[in-house]
Amino acid sequence: AQSVTQLGSHVSVSEGALVLLRCNYSSSVPPYLFWYVQYPNQGLQLLLKYTSAATLVKGINGFEAEFKKSETSFHLTKPSAHMSDAAEYFCVVSETYSSASKIIFGSGTRLSIRP
Amino acid sequence: SAVISQKPSRDICQRGTSLTIQCQVDSQVTMMFWYRQQPGQSLTLIATANQGSEATYESGFVIDKFPISRPNLTFSTLTVSNMSPEDSSIYLCSVEAEWPAPPETQYFGPGTRLLVL
């Protein structure tokens, strides 16, 4: 079975600083990996996805993530944080076995931005 | 991408009553999923609903408590039965992307915020 672990339930950075949200996964098969963002009182939005093409994936709003198989990681980064980045971020791994695809959510990381 | 709408967007209900949540998709999809997000927590899959067959429930969820209908390829309902305050959550509907989008990409509805008093 696959699993995903997000390190740090809450991350706080200053506006303009680097954002780094950590995600590690376990999988016995090549995984599909995603980052979703949930803004306050809004639904989930796909930020970016890794589907076995380029290991460095660029998403919306200046975010990117790098798939590192040797480290089983898929950390999310953004060079310069904006106040509007304050949200809950979920790392997600997809099971690819059988005829049903299910995605497994990490526990989430709440990102706060300090002025 | 798929556009998903849910009704109601939020509700406040009395314990012991039931609420049916509707999920509408703007295109035909094979698989639909229902998730629960309890306050301050991540998403938990409740069940998978395929058109024309019984829904498949995850461990800890049963049909008597969360009956699901899937009458066609664009619509599904989830009923939260005999509600208690512990059922207060956000309930989300999602669908799996159809070709040519990569599989294992899911789109989510805006969610239904349920508060049980």
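Residues numbered from 1 in each chain as written. Chains lettered and ligands numbered in written order. Predicted model: local features only at pLDDT ≥ 70, side-chain atom pairs only at ≥ 80, totals over all residues. Heavy atoms only, no water.

1. Here we look at the overall build of chain B
Thought 1: Counting secondary structure elements, chain B contains zero helices and 11 strands.
Thought 2: Ordered by position from the N terminus, the helices and strands of chain B form the series β-β-β-β-β-β-β-β-β-β-β.
Thought 3: Here the C-alpha radius of gyration of chain B, 14 Å, is about what a compact globule of 117 residues would show, namely 13 Å.
Thought 4: The C-alpha extent of chain B, read off along each of the three principal axes, is 45 × 25 × 25 Å.
Thought 5: Taken across its 117 residues, chain B has 50% of its residues classed as buried.
Thought 6: Here chain B displays about 5,500 Å² of accessible surface, and carbon together with sulfur accounts for 51% of that area. (Helix = DSSP H or I, 4+ residues; strand = E, 2+ residues; numbered from the N terminus. Rg over C-alpha atoms; globule rule 2.2 N^0.38 Å. Buried < 20%, exposed > 50% of the residue type's maximum accessible area, 1.4 Å probe, protein only. Areas by Shrake-Rupley, 256 points an atom, 1.4 Å probe, with all protein chains shown as cover.)

2. Examining the packing of aromatic side chains
Thought 1: Across all of its chains, the model carries 13 aromatic pairs over all chains by this definition.
Thought 2: Between A:Phe90 and A:Phe105, the aromatic rings sit 6.0 Å apart at their centres with planes inclined by 80°, giving edge-to-face as the arrangement. Residue A:Phe90 is found in strand 9 (residues 87-95), and its partner A:Phe105 is found in strand 10 (residues 102-105); the two are separated by 15 residues along the sequence. Like A:Phe105, A:Phe90 is buried.
Thought 3: A network of ring pairs unites the aromatic residues A:Phe34, A:Tyr36, A:Phe90, A:Phe105, B:Tyr35 and B:Phe108 as a single cluster. (Phe/Tyr/Trp six-rings, centres within 6.5 Å; stacked < 30°, edge-to-face > 60°.)

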